[in-house]
Amino acid sequence: MPAASTRSVLFVASECYPFIKTGGLADVVGALPLALDTAGCDTRILLPGFPAVLKAAKKSVEATGIPDLFGGDATLLEARSTTGLKLFILDAPHLFDLDGNPYQGPDGTDRADNHVRFAALSKVAAALATGMLTDWRADVVHAHDWQAGLTALYLQGAGENRPKTVFTIHNLAFQGLFPKSQLDVLDLPRDSFSEEGLEYWDKISFLKAGIVYSDHVTTVSPSYAAEIQSEDGGMGLGGLLRSRNNKLSGILNGIDTGIWDPATDKAIAAPFDRSRIGGKAKNKKALQKHFGLRESRHAPLFCVISRLTEQKGLDLLADVVPHIVGNGGQIVVLGSGDKDIEQAFLDAAEETPDQVGTFIGYNEELAHLVQAGADAIYIPSRFEPCGLTQLCAMRYGTLPIVARVGGLADTVVDANEAALQTGAGTGIVLSPASDDTLRAATDRTMRLFADGKLWRKLQRNAMKQDVSWTEPATRYVAVYDGLMA
Ligand code: ADP
């Protein structure tokens, strides 16, 4: 049992690094709980029992059986990760025994029964938080993204037992919309289907349920918190979020600085840090070799590590590759996503193989080498709730070239004249993302890179930034304490 003074927190999420990951959500859920525990919480995470999760948590023990959970029997398991995460795993083979992507079938489309799957996760979270196990309950339930969006609604009937609820929006674009005919299937109260409830244009919205029924809503950067209250950035929910402005906060993400540490990283070619920045050259060489690029210290080496989608502005970047190449630059692309964008980068690599390298797919280890070896990383997103790759990049002395949106605007300081004089610059900021601004930013980056002394100063400054979870964790704790007071 936790000490009386600790806050007992239940995270509810569909992804958690290193067990299952499709994006930044997994990184957050795999790292923030450890920082919260250091800051005085006792944090447990409820995850769906996808095969990869069950495999990784081999030493799990059965906590309790859950009969007849949306059409099948389930078991709640308890496990600990080697990194110290405390996990509850919902082992429900009829819902989660799926290969590959957790949300999409082999044809790349969303699975038709996702609403049942993630309603089950939320329902069990509500029961677990309110005493399903005799020796554990939660003071705060912290649900993440639409997959956990129904948790606070399922907690409505808990009366005195009801814990405080926090809902974090990691990306407003994914809303979890399903036909209203499924209301009874999901065991949801009829009166929740209203404009004041979870109804969104005659559909059930899991994300809206999270916003409406939770005591507090957070998102992953202050700028994104402002953007999602606007008509343009609100994606249909701007008015609702504006009306709840007093219970909405933007708290920046951090990264796991143990996993992303160039001084100890086993996945890179040579260790380095701020005082031994020269070690980065060996990584650049190794990266050029890996992708079959011409080995040169002097060619500026750009990179991308991302979902290859329009959100990330990578359709725009694909058009700018000839400009990069024409000016003597190199670029490596690690990612997957829209077929057109994948093809554009594959074509570029075929045309100029000694200057462009493309790997279509997901490769965690390679992501580390790319961060360590590249000089700069492009993140020209059209919108970006927080973004994690610019944080990893800064830690690895790789300067981010970012669009001035969301968390990118909050974490990267443009190396303009004034910032160069004060020493505040940590990257290159462009606005709005377009072919033209990307070309201009590329030219500016190349000019800065050509001045070796200045570039190293910028690198050191980027590497100095605190991108850890320490500060964000204290902000979450303040939210929890405010609710519990
Ligand atoms: P999003 O969650 O919108 O995809 P984030 O920047 O918040 O974007 O997080 C993306 C995470 O996924 C980062 O940890 C990044 O390093 C990782 N990532 C993205 N694409 C790949 C890839 N192809 N291979 C390895 N890691 C990737």
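Note that the structure is predicted; figures quoted are calculated from it, not measured.

A. Broad picture of the side chain of H142. Positionally, H142 belongs in strand β6 (residues 140-144). Only 2.7 Å separates the side chain of H142 from the side chain of T168, close enough to count as a polar contact.

B. How the structure looks around the domain arrangement of the protein chain. Domain parsing of the protein chain yields domain 1 (7-254 + 469-484) and domain 2 (277-463). The interface of domain 1 with domain 2 comprises 19 residues on the first partner and 16 residues on the second. Viewed at the interface, domain 2 and domain 1 are joined by one salt bridge. Between K21 and E364 there is a salt bridge, with the nearest N and O atoms lying 3.5 Å from each other. If you look at where domain 1 meets domain 2, you find seven residue pairs in polar contact (both at pLDDT 80 or more). Of all elements in the fold, only α1 (24-38) and α7 (222-227) reach the threshold of two or more residues within the side of domain 1 that touches domain 2. Sort the elements by how many residues they give to the side of domain 1 that touches domain 2 and α7 lands first, with four residues.

C. A look at the layout of surface pockets. Space inside the second largest pocket adds up to approximately 420 Å³. Taken together, 13 residues form the lining of the second largest pocket, with R297, D375, F449, W455 and R456 sitting closest to its centre. Those elements that place two or more of their residues in the lining of the second largest pocket are α9 (280-290) and α17 (452-464). When residues in the lining of the second largest pocket are grouped by element, the largest group, four residues, is from α17.

D. Up close: the environment of S122. The topology assignment puts S122 in helix α4 (residues 114-129). The spacing of S122 and Q147 is 25 residues in sequence and 7.9 Å in space, taken between C-alpha atoms. Among residues more than four places away in sequence, those in contact with S122 are Q147, A148, G149, L150, T151 and Y154. Only 3.3 Å separates the side chain of S122 from the side chain of T151, close enough to count as a polar contact.

E. The site of the ligand, seen in detail. Around the ligand, the structure places 18 residues, and the nearest of them are G24, D27, R307, K312 and G361. At a separation of 2.6 Å, an oxygen atom of the ligand approaches a polar backbone atom of G24. Between the ligand and K312, the relevant distance is 2.9 Å, taken from an oxygen atom to a side-chain nitrogen or oxygen of the residue. Of all elements in the fold, only α1, β13 (301-308), β14 (330-337) and α12 (364-373) reach the threshold of two or more residues within the shell around the ligand. Among the elements that make up the shell around the ligand, the one with the highest residue count is β13 (three residues). Here the shell around the ligand is composed, by residue class, of five nonpolar, eight polar and five charged. Counting contributing residues, the shell around the ligand receives three or more from each of domain 1 (7-254 + 469-484) and domain 2 (277-463).

F. Looking closely at unusual backbone geometry. Between Y17 and P18 the backbone carries a cis peptide bond, its omega angle lying at 10 degrees. Examined against the element boundaries, P18 turns out to sit in the loop between β1 (7-12) and α1. With an omega dihedral of -15 degrees, the bond running from S431 to P432 counts as a cis peptide bond. Its place among the elements puts P432 in the loop between β18 (428-430) and α16 (435-450). A positive phi angle is found at D187, which is not glycine, with a value near 65 degrees. Within the fold, D187 resides in the loop between β8 (177-179) and β9 (199-200). One non-glycine residue, M235, lies in positive phi territory at about 45 degrees.

G. Spotlight on the environment of S275. Looking at the element boundaries, S275 is found in the loop between β12 (248-250) and α9. Through-space distance from the C-alpha of S275 to that of R460 is 8.3 Å; in sequence the pair is 185 residues apart.

H. Local environment of empty space enclosed by the protein. This structure, assessed with the given rule, holds two cavities of 30 Å³ or more. Taken as a whole, the largest cavity spans an internal volume of roughly 40 Å³. Contributing to the lining of the largest cavity are Y17, P18, G30, L34, T83, L85, D256 and I259. In terms of residue class, the lining of the largest cavity is made up of five nonpolar, two polar and one charged. Each pocket or cavity is described by its volume, and for the second largest cavity that value is around 30 Å³. If you go around the second largest cavity, the residues you meet are V141, A143, T151, A152, T165, V166, F167 and S214. With three residues, the top contributor of residues to the lining of the second largest cavity is strand β7 (residues 164-169). A per-class count over the lining of the second largest cavity returns five nonpolar, three polar and no charged.

I. Region of interest: the packing of aromatic side chains. What the rule picks out here adds up to 11 aromatic pairs. With a centroid separation of 5.3 Å and an interplanar angle of 85 degrees, the aromatic rings of F449 and W455 are classed as edge-to-face. Take F449: its relative accessible area is 14%, and that puts it in the buried class. According to the relative accessible area criterion, W455 is buried, its value standing at 4%.

The rules behind each value
- Residues numbered from 1 in each chain as written.
- Predicted model: local features only at pLDDT ≥ 70, side-chain atom pairs only at ≥ 80, totals over all residues.
- Heavy atoms only, no water.
- Helix = DSSP H or I, 4+ residues; strand = E, 2+ residues; numbered from the N terminus.
- Polar contact = N/O pair within 3.5 Å; in protein donor to acceptor, adjacent residues only side chain to side chain.
- Domains from an automatic or database assignment.
- Contact = heavy atoms within 4.5 Å.
- Salt bridge = Lys/Arg side-chain N within 4 Å of Asp/Glu carboxyl O.
- 1 Å grid on protein atoms, 1.4 Å probe; cavity = no way out; pocket = protein on both sides within 12 Å on 5 of 7 lines; lining within 4 Å.
- Points joined across faces, edges and corners; volume = space filled by probe spheres on them.
- Near = heavy atom within 4 Å.
- Nonpolar A, V, L, I, M, F, W, Y, C, P; charged D, E, K, R; others polar.
- Phe/Tyr/Trp six-rings, centres within 6.5 Å; stacked < 30°, edge-to-face > 60°.
- Buried < 20%, exposed > 50% of the residue type's maximum accessible area, 1.4 Å probe, protein only.

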